[in-house]
Amino acid sequence: MIPDVSEALSWLEKHPEALTGIGRGIERESLRVQPDGHLSQQGHPGTLGSALTHEWIITDFAESLLEFVTPVDRDVSHLLAFLRDIHRHVSRELGNERLWPFSMPCIIRDPENITLAQYGTSNIGRMKTVYREGLKHRYGSLMQVISGLHYNFSLPEAFWKAKFAEKDAAPDKDDVSDGYLQLIRNYYRFGWVIPYLFGASPAICETFLPQGAGDLPLEGNGKGTLWLPYATSLRLSDLGYTNKSQSALGITFNSLEGYVAALKKAIKTPSEQYAKLGVTDSEGKRIQLNTNVLQIENELYAPIRPKRVIRSGEAPSEALKRGGIEYIEVRSLDVNPFTPIGINDEQVRFLDMFLIWCALAEAPEMSADELQCTRGNWNRVVMEGRKPGLTLRSGCGEFVYPLKEAGLGLFEGLERIAKVLDSTQEGDHYQQVCQNLLRSVEDPEQTYSARILRDMQQQGLAGAGITLAEHYHQMLVSEPLEVLTDEQFRHQAEASVLAQKKIEANDTLSFEEYLAGRKG
Ligand SMILES: Nc1ncnc2c1ncn2[C@@H]1O[C@H](COP(=O)(O)OP(=O)(O)OP(=O)(O)O)[C@@H](O)[C@H]1O
Ligand SMILES: N[C@@H](CCC(=O)O)C(=O)O
Ligand SMILES: N[C@@H](CS)C(=O)O
């Protein structure tokens with residue numbers, strides 16, 4: 001089931017320089033909650049600046065759903081210190097509010113109390129809020145306040161030069177795009193290892209399922225916390241931040257042209273279901289940007305996305321067409337509850353190794369149906385990944401491969417990559433991470449989901465969340481800033497407010513003209 005990458009590994013071992021300069025960026029989401037764990041009803045704190053234009057501190061779906069974004073970084077410790085400084089600064093500005101430490105939301109009795117994120121009166125600001133109105137009507141606000149941790153990753157030019165060394169010319173943007181598409185196809189085939197190791201949403205609050213659990217064999221503590229005994233990431237299940245109907249979009253990753261064409265088609269294809277909602281409500285207020293399957297390209301909820309930094313007004317797919325794939329966005333990480341900042345050094349280093357492995361392993365082209373078959377392994381892992389003897393499948397075949405064997409096979413390759421990565425710097429951090437995570441492959445009860453489930457069963461999800469939120473708050477507010485300064489945060493907040501005002505002052509089109517002119 002696990003492809004043999006020894007040939008590719010041998011060229012990598014000859015070119016350790018190919019792994020110097022990996023680019024990384026993190027987006028961490030977290031709900032602002034009241035001390036009792038209920039969702040904040042306050043607006044985005046003014047001292048944090050504008051959520052529309054701030055470089056590091058924005059909001060996702062809801063006014064209370066913070067999102068912290070780090071710039072690209074090539075040093076793991078600096079990246080995590082930057083992210084921690086953002087958490088330290090924001091925590092100091094929250095007053096009696098706290099940052100929810102889990103992916104699955106806290107106690108939300110009435111989803112109507114979830115205020116959509118507000119971005120001011122400019123056309124782009126109004127568009128972002130109408131987009132969220134559409135998400136609310138299409139998927140419901142409860143799904144949209146699930147918090148994720150997105151890991152952005154790029155390989156250095158030296159990697160592509162070594163990989164395409166047999167070509168007489170230096171690799172061009174099409175070679176690099178094809179290399180990232182190979183990585184993405186392998187991510188669909190083997191990325192289930194991420195929720196297995198790091199999934200941290202085995203439980204939910206019963207308020208998350210107002211319509212009930214259907215035929216899911218959920219267990220509970222009789223006090224509002226529900227779980228599946230072997231679940232790893234309900235966030236990635238059909239209960240969570242996914243949309244089954246999107247599998248019909250025919251998105252494939254065999255060529256960049258094919259991917260872009262399918263994405264552009266999806267934002268132009270009317271949806272009968274969403275047409276029934278209408279574009280405006282009975283009072284003429286816009287309730288979605290349009291009635292297409294995807295309102296904008298961001299609405300494609302894929303576990304991984306090919307990306308290029310966009311220019312002002314450019315759609316993500318247009319940036320990809322312009323310059324090819326620049327980096328990839330891994331969207332399958334739950335918020336890690338064992339650290340105040342949602343991700344730790346071990347996860348960053350594992351992802352480095354795994355994504356390099358995905359870029360090396362052979363990855364035959366995959367049809368939309370074959371991509372859909374890979375969901376089978378992901379669904380098994382998110383719903384019951386820790387079940388003893390669980391089996392996975394290769395392609396669309398039978399479920400005959402024990403997860404443990406597949407995991408051990410994968411780690412054989414990762415350990416060779418770890419040695420190359422460690423050879424480029426001090427210490428044996430990457431090899432240590434492999435050794436530590438192998439314990440979770442051998443024993444599912446060492447995984448993140450097993451560990452946090454025990455806490456949630458004992459204290460209840462809300463109780464465990466409130467305790468952790470308070471503990472992390474006290475920790476963060478007591479720590480001095482490490483790589484940023486108060487002055488930089490003050491400047492960022494002021495500059496973001498001025499930038500928003502400038503956008504609002506420079507609008508020339510009406511809102512409807514602006515929407516009509518948007519490309520994605
Ligand atoms: N070359 C790169 N390599 C690795 N990470 C990158 C690279 N370029 C940008 N990033 C990271 O990607 C992330 C981009 O996040 P940002 O929210 O700014 O854009 P986005 O993800 O396109 O927006 P949205 O979240 O609305 O889709 C940042 O963390 C940034 O550091
Ligand atoms: N909150 C979503 C991501 C929102 C977005 O698409 O950026 C998640 O859980 O990952
Ligand atoms: N970030 C999510 C919710 S706003 C999206 O873009 O769809």
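These numbers come from a predicted model, not from an experiment.

A. Structural view of the site of ligand 2. The full set of residues close to ligand 2 is Glu 29, Asp 60, Ile 146, Ser 147, Gly 148, His 150, Arg 235, Tyr 241 and Arg 331. In this structure, His 150 approaches ligand 2 through a side-chain N or O atom, which is 3.0 Å from an oxygen atom. At a separation of 3.4 Å, an oxygen atom of ligand 2 approaches a polar side-chain atom of Tyr 241. When ligand 2 sits alone it has 300 Å² of accessible area, and the protein chains cover 91% of it. Residues that form the shell around ligand 2 fall into these classes: 2 nonpolar, 3 polar and 4 charged.

B. Up close: helix H2 (residues 76-93). An ideal rise of 1.5 Å per residue puts 26 Å on 18 residues; H2 measures up with 26 Å between its terminal C-alpha atoms. In terms of burial, H2 is a largely internal element, 14 of the 18 residues being buried. Measuring from the side-chain oxygen of the N-cap residue of H2 to the backbone nitrogen of Ser 77 gives 3.0 Å; that N-cap residue is Asp 75. In the stretch just after H2, Gly 95 is the one whose phi turns positive, near 60°.

C. Inspection of the site of ligand 3 at higher detail. Ligand 3 sits among Asp 60, Phe 61, Tyr 131, Arg 132, Leu 135, Gln 144, Tyr 241, Asn 298 and Tyr 301. Between an oxygen atom of ligand 3 and a side-chain N or O atom of Tyr 131, the distance comes to 2.6 Å. Its free accessible area being 250 Å², ligand 3 has 89% of it covered by the protein chains. If you tally residues by element for the shell around ligand 3, the top one is helix H3 (residues 123-139), at 3 residues. In terms of residue class, the shell around ligand 3 is made up of 5 nonpolar, 2 polar and 2 charged.

D. Structural detail: empty space enclosed by the protein. In the structure shown here, the tally under the stated rule is 3 cavities of 30 Å³ or more. Its volume calculated, the largest cavity comes out at about 90 Å³. Along its surface, the largest cavity is lined by Tyr 259, Leu 263, Glu 297, Asn 298, Leu 300, Arg 305, Pro 306, Lys 307, Pro 316 and Leu 320. If you list the elements that add at least two residues to the lining of the largest cavity, you get helix H8 (256-266), strand S9 (304-307) and helix H10 (316-323).

Quick notes on the rules
Residues numbered from 1 in each chain as written. Chains lettered and ligands numbered in written order. Predicted model: local features only at pLDDT ≥ 70, side-chain atom pairs only at ≥ 80, totals over all residues. Heavy atoms only, no water. Near = heavy atom within 4 Å. Polar contact = N/O pair within 3.5 Å; in protein donor to acceptor, adjacent residues only side chain to side chain. Areas by Shrake-Rupley, 256 points an atom, 1.4 Å probe, with all protein chains shown as cover. Nonpolar A, V, L, I, M, F, W, Y, C, P; charged D, E, K, R; others polar. Helix = DSSP H or I, 4+ residues; strand = E, 2+ residues; numbered from the N terminus. Expected span 1.5 Å × (residues − 1). Buried < 20%, exposed > 50% of the residue type's maximum accessible area, 1.4 Å probe, protein only. 1 Å grid on protein atoms, 1.4 Å probe; cavity = no way out; pocket = protein on both sides within 12 Å on 5 of 7 lines; lining within 4 Å. Points joined across faces, edges and corners; volume = space filled by probe spheres on them.

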